[in-house]
Amino acid sequence: MIISGKDLSARLKAEMAAEVAGFPGKYGRVPHLVVILVGDDPASMSYVKGKAKASEVVGIRNTTIRKPADITEAELLGLIAGLNADDSVDGILVQLPLPAHISEPKVIEAIDKSKDVDGFHPLNVAALWQKQPCTLPCTPKGIIRMLKSAGVGISGKRAVVIGRSNIVGLPVAKLLLDENATVTIAHSRTADLPSVTKEAEILVVAIGRPRFVTADMVSDGAVVIDVGVNRDPETGRLCGDVDFEAVEPKASVISPVPGGVGPMTICCLMENTIECFLRRYTPDSI
Ligand code: L34
């Protein structure tokens, strides 16, 4: 079974659109998401365009601010401070990666926690790991949604996550743990990685290397979630971290690239923007 993140996100976005359609009547306005893109990396441009398009579908107001790659860190921090103070803005997202002369941790920390639709702010991360209410990071949240919609039981399963980034590997491992999976976090320096991944009933791959996971690394009937978005070095086409053609026949459930986790990330961003908007009208929630 191939889980389509594209179809699931289309369904969820239609539900959100119906909800948002009631907001002008109830609150006098719709949620407003501001996305900042620094530079002109083609992949980032494509993702940011996807966020604007999804906003349109859901009925969220989207402002995309483009800045040149040589913007200073101080200028970017100034822009964020202005958006933090702007009452018309519910969510702020600075597309990563940033140019090397700008500190990503500084930028992430500069965004007001209540407008942090990515769930990357250290206070949001701390809340997640302390089991407090928080904004869940979009990609891990989207992965759990996909698993549940495919009817995959997580509780009691052995899950292996390849990758330990702040954005995907660590938080997805935490969310799987919260669903009562037993979780192993593996990475590029794990000794004898196939012996670890073959134990996985649920395998989440977020290592960022084209076709890194081969058929010999996957056990029969495993659920395989591919978080990679890479360019195939030979064809230039989009491909995942999993050798899809080889692994698909062994897997009971698998997510494709494109059309898998990527669209779910954007879908959960829409959901987080609505959550940040609604929290402003129920200030006690977090
Ligand atoms: N601040 N930076 C911030 N927030 C994020 O949530 C992201 N991410 C990651 C990169 N930097 C970020 C994204 O938006 C990755 N990412 C992302 C989002 C969407 C897609 C891929 C990565 C996506 O829609 N992928 C499509 C293909 C898109 C294409 O054709 O280029 C897919 O079907 O997988």
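Look up: the structure comes first, before these words.
S.K.: What am I meant to see in the state of the cysteines here?
M.R.: Any covalent bond linking the sulfur atoms of two cysteines counts as a disulfide. Using the criterion set out here, one finds zero disulfides in the structure. Cys276 takes part in no disulfide bond, and the closest cysteine sulfur to it belongs to Cys138, at a distance of 9.6 Å.

S.K.: Got a minute to help me understand helix H1 (residues 5-20) in this structure?
M.R.: The α-helix advances 3.6 residues per turn, and as a result positions three or four apart in sequence lie on the same side. In this model H1 runs 22 Å from its N-terminal to its C-terminal C-alpha over 16 residues, within 8% of the 22 Å that 1.5 Å per residue would give. Within the span of H1, buried status applies to Gly5, Leu8, Ser9, Leu12, Lys13, Met16 and Val20. Burial along H1 is one-sided: seen end-on, the buried residues are contained in an arc of 130°. Opposite the packed face of H1, turned more than 90 degrees from it, sit the exposed residues Arg11, Glu15 and Ala18.

S.K.: Which parts of the structure should I look at to understand the packing of H1 against helix H3 (residues 42-58)?
M.R.: In helix packing, the relevant descriptors are the interaxial angle and the interaxial distance, both defined with respect to the helix axes. Put simply, H1 and H3 touch, their axes get as near as 8 Å, and they point 55° apart. It follows that H1 is oblique to H3 by the angle criterion. Contacts from Lys13, Met16, Ala17 and Val20 of H1 reach H3 at Ala54, Val57 and Val58. Taken together, the residues of the contact of H1 with H3 break down into six nonpolar, no polar and one charged.

S.K.: I tried to follow the pairing of strand S6 (residues 202-205) on my own but got confused; where do I start?
M.R.: Across a regular strand the side chains alternate sides, sitting on one face of the sheet and then on the other. Side chains Ile202 and Val204 project from S6 onto one buried face, and the interleaved Leu203 and Val205 project onto a second face that is buried too. Note that strand S4 (residues 158-162) and S6 share four bridges and pair parallel. Residue pairing in the sheet places Ile162 in a bridge with Val205 of S6. With four bridges joining them, S6 and strand S7 (residues 223-226) adopt parallel strand pairing. Paired with Val204 across the bridge in S7 is Ile225.

Parameters and conventions
Residues numbered from 1 in each chain as written. Predicted model: local features only at pLDDT ≥ 70, side-chain atom pairs only at ≥ 80, totals over all residues. Heavy atoms only, no water. Disulfide = S-S within 2.5 Å. Helix = DSSP H or I, 4+ residues; strand = E, 2+ residues; numbered from the N terminus. Expected span 1.5 Å × (residues − 1). Buried < 20%, exposed > 50% of the residue type's maximum accessible area, 1.4 Å probe, protein only. Arc of directions from axis to C-beta. Axes fitted to C-alpha atoms, helices over the stretch in contact; angles between N-to-C directions. Parallel < 35°, antiparallel > 145°, perpendicular 65-115°, else oblique. Contact = heavy atoms within 4.5 Å. Nonpolar A, V, L, I, M, F, W, Y, C, P; charged D, E, K, R; others polar. Pairing = 2+ DSSP bridges.

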